[in-house]
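# Examination of the molecular architecture
These are the residues of each chain, in order.
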Amino acid sequence: MLAGETAAAGKAAAYEEIATLRERNALALKEAKESGVKVVGTYCLYSPTELIVAAGAVPVSLCGTSQNPIAAAEKVLPRSLCPLIKSSYGFALTDTCPFFHFSDLLLAETTCDGKKKMYELLGELKPLHLMQLPQIQDEAALDYWMVELKRLVARLQEEFGVEITAEGLTSAINLVNEERRSLKALQDVCKLRPAPISGSDLLAVLHNRGFCIDKRQAIELLDRLTAELVERAESGVSPFHERTPRVLLTGVPVGLGSDKVVRLVEESGGCVVCFESCGGYKKVDPVEVTGDPLRAIAEKYLRIPCSCMSPNQGRLQLLDTLVREFQVDGVIDLTWQGCHTYNVESYQVKTHLQREDQIPFLQIETDYSESDTEQLKVRIEAFLEMIGRRRKMPENALP
Amino acid sequence: MLAAGIDIGSTGTKAVLFDGEVRGVSVVPTGWDPKGAGLSALRQALDCAGVPESALNCIVGTGYGRVSLPIFDRKVTEITCHARGAYHLFPDTGTLLDIGGQDCKVISLDAHGGVVDFVMNDKCAAGTGRFLQVMAGVLEVTLEEMGLLAVGAEPAPISSMCTVFAESEIVGLLAQGVAKGSIAAGIFEAISRRMQGLAGKVRISSTVTFSGGVALNPQICRVIGAGLGVEMRVPAAPQFVGALGAALIGFEGDAAC
Ligand code: SF4
Ligand code: SF4
């Protein structure tokens, strides 16, 4: 079998380099700190990276994806809370994440209720700036959000003794847009059939590149990986078959440590070709480069289609596009236990996808622990069997 | 072409031999040894059919223990197998309810017996065979007796679906002197509510088939059917539907699923 041989051919060279970014950059961050660089830790896609960059500081993502610190967090937080919130807080409480440790300022937004209240506790551990995020995506909300961005500008200037200029903002926009371009190009290689990289590996790259403190270096690395993958695809190298069921994963943020569903899908014979979530495709939408740069930033961040927004029509539109462009055979909606916004929204997503795209849909509600792995396997395998059968049936035989 | 389907469930292991019609069946308790249960179920089914093992062309495994037997030519999930089995018995099945030892599922089928959607209970045993067994144990009756007791009784209110809490709720009701029949009826009502909750998440057709060992109890079938507002059809041997489906998938080769 071609696929078997090619999997043994190993991974792209750039992949190996990215796989170790977290460790290497923890050291780089320490050195940078010693030379006076400021670090801003963020937890959410709504954090306007451009402002941090324009303030000459380094943005790092602190969103918790590991089960390890959860037990410590549960001494303070309710057990029934979303694992992502508990993990994030647990890292802070136990001071086991170097990126948290080196952060000078935490940047937080009022998104879901759990996160919002957790931030109040987090603010007792480190300086924290909270942005009041509106929950609707209209003009009035945009004006309000502009005020919040200006408040952040003031805080960063004051905190780090710098001035954020229009030129600084424009060049930050260009840099972060460039990063988005490279992230999009990388994910788009999975539009090819079969995809030249597994969803697990793609997730590892998306997760790890967030720990690169030098954005230009990260962009260069990603572009190198993309080029290698395109080359592999051209010479027919892939871990999958042409007929491997293609799955789109939507829902809550996933990262290394919270990737069991991705792993189970691929162990059961499917492949995850697209991540609609925060670390994946939600992230690639660029900032407009015309007009007032601050306004353009505000617009971009406000239109993020997160379930914290009400209504959240944008997610359904994004899903329609991705289902088509990535030619997926099924959609899995991942929700964390205790995440009310994504859990409730799942019903709308299901109804919409089944009506508009006629696409098989499976919701999975779980947490970071391995306790339900066997049950999840049954669901996921049955879902892949369902997709496989559907693909074998002639079109007109479908209901 | 002789195919075997073996369904290694959490409580019972079932085997069905099929060669165009059912040749042999068997059921053994799974116990702590799913592998041994699978092998002895197969042996007994072969004995029942009076054919040697060498006559088998294909063995398909399903159920939670399917991973533990190396003899399977194919492993297929119980969701696909139950759908296939139910479609064979009642070709117009649009929805299938299955209550097994540790789980309950609602499966939506297309006109060809394929799965189009399904929901399953999560970690907790609410609404499963296990739940019923524990409750029968508290009442000190068998499941069949519990069914008979419940006929015509006014259901006592049982609000908890968690096995542990429901147990203490029932102990409390017994202490208050509430009749066992009312409690039994209340337990069935609770299961029915649970199934309604699950069923609300997939489209329910007018032709609902009920599989799994729990379906052997006519009173439970009536209560769940009434709760869903549908007429339920129960196969003669509902606990074999998954194994039958597995055998059919083996019999039909790749084309079936
Ligand atoms: S899911 Fe929403 S709240 Fe959570 S990180 Fe993403 S944008 Fe932020
Ligand atoms: S996954 Fe849900 S509950 Fe958890 S932080 Fe994100 S929005 Fe909040």
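Since the model is a prediction, treat every value here as computed from it, not as a measurement. (Residues numbered from 1 in each chain as written. Chains lettered and ligands numbered in written order. Predicted model: local features only at pLDDT ≥ 70, side-chain atom pairs only at ≥ 80, totals over all residues. Heavy atoms only, no water.)

To continue, consider the side chain of B:Asp103. All names here are of chain B. Structurally, the position occupied by Asp-103 is in the loop between strand E6 (95-99) and strand E7 (104-109). The class for Asp-103 is buried, based on a relative accessible area of 16%. A polar contact of 3.3 Å, which involves the side chain of Asp-103, links it to the side chain of Lys-105. For Asp-103, the contacting residues outside a window of four places in its chain are Asp-98, Met-120, Asn-121 and Thr-128. (Helix = DSSP H or I, 4+ residues; strand = E, 2+ residues; numbered from the N terminus. Buried < 20%, exposed > 50% of the residue type's maximum accessible area, 1.4 Å probe, protein only. Polar contact = N/O pair within 3.5 Å; in protein donor to acceptor, adjacent residues only side chain to side chain. Contact = heavy atoms within 4.5 Å.)

Next up on the list: the confidence of the model for chain A. Averaged over every residue, the pLDDT of chain A is 93; residues scoring 70 or more account for 96%. The low-confidence segment residues 395-399 of chain A (pLDDT under 50) makes 5 contacts with residues lying over four places distant or belonging to another chain. (pLDDT = per-residue confidence, 0-100.)

Below, the discussion takes up the site of ligand 2. Taken together, A:Cys82, A:Leu84, A:Ile85, A:Cys112, A:Lys115, A:Val252, A:Trp336, A:Cys339 and A:Thr341 are the residues near ligand 2. Residues that form the shell around ligand 2 fall into these classes: 7 nonpolar, 1 polar and 1 charged. (Near = heavy atom within 4 Å. Nonpolar A, V, L, I, M, F, W, Y, C, P; charged D, E, K, R; others polar.)

Within the structure, ligand 1 sits among A:Cys44, A:Leu45, A:Tyr46, A:Thr111, A:Lys115, A:Pro253, A:Cys278, A:Cys306, A:Cys308 and A:Tyr342. Residues that form the shell around ligand 1 fall into these classes: 8 nonpolar, 1 polar and 1 charged.

Let us now look at the packing of aromatic side chains. Residues and elements named next belong to chain A. All chains considered together, the criterion is met by 5 aromatic pairs over all chains. With a centroid separation of 4.7 Å and an interplanar angle of 50°, the aromatic rings of Phe-99 and Phe-211 are classed as tilted. Taken together, the positions of Phe-99 in helix H7 (residues 98-101) and Phe-211 in the loop between helix H11 (199-209) and helix H12 (215-234) put the pair 112 residues apart, joining distant regions of the chain. For Phe-99, a relative accessible area of 0% puts it in the buried group. Centre to centre, the rings of Trp-336 and Tyr-368 are 4.9 Å apart; their planes meet at 75°, and the pair counts as edge-to-face. With Trp-336 in strand E7 (residues 330-336) and Tyr-368 in the loop between strand E8 (361-366) and helix H17 (373-392), this pair connects stretches of sequence that are 32 residues apart. By the burial criterion, Trp-336 is buried, and Tyr-368 matches it. Taking NZ or CZ as reference, Lys-300 lies 5.3 Å from the ring centre of Tyr-301, over its face. (Phe/Tyr/Trp six-rings, centres within 6.5 Å; stacked < 30°, edge-to-face > 60°. Lys NZ or Arg CZ within 6 Å of the ring centre and 35° of its normal.)

Many structure descriptions define interface size as the accessible area lost when the parts assemble. Residues and elements named next belong to chain B. According to the domain assignment, chain B contains domain 1 (1-90 + 240-257) and domain 2 (94-234). Domain 1 and domain 2 are separated by 26 Å when their C-alpha centres are compared. Counting residues at the interface gives 12 residues for domain 1 and 17 residues for domain 2. Together, the buried faces of domain 1 and domain 2 total about 1200 Å²; carbon and sulfur atoms form 75% of this surface. Summed over the three residues of domain 1 that lose the most area to domain 2, namely Ile-79, Tyr-87 and Phe-90, the buried surface amounts to 47% of that side. There are 0 salt bridges connecting domain 1 and domain 2. By residue number, the principal contributor to the side of domain 1 that touches domain 2 is helix H2 (residues 78-89), which donates 8 residues. (Domains from an automatic or database assignment. Buried area = accessible area lost by both parts, 1.4 Å probe. Salt bridge = Lys/Arg side-chain N within 4 Å of Asp/Glu carboxyl O.)

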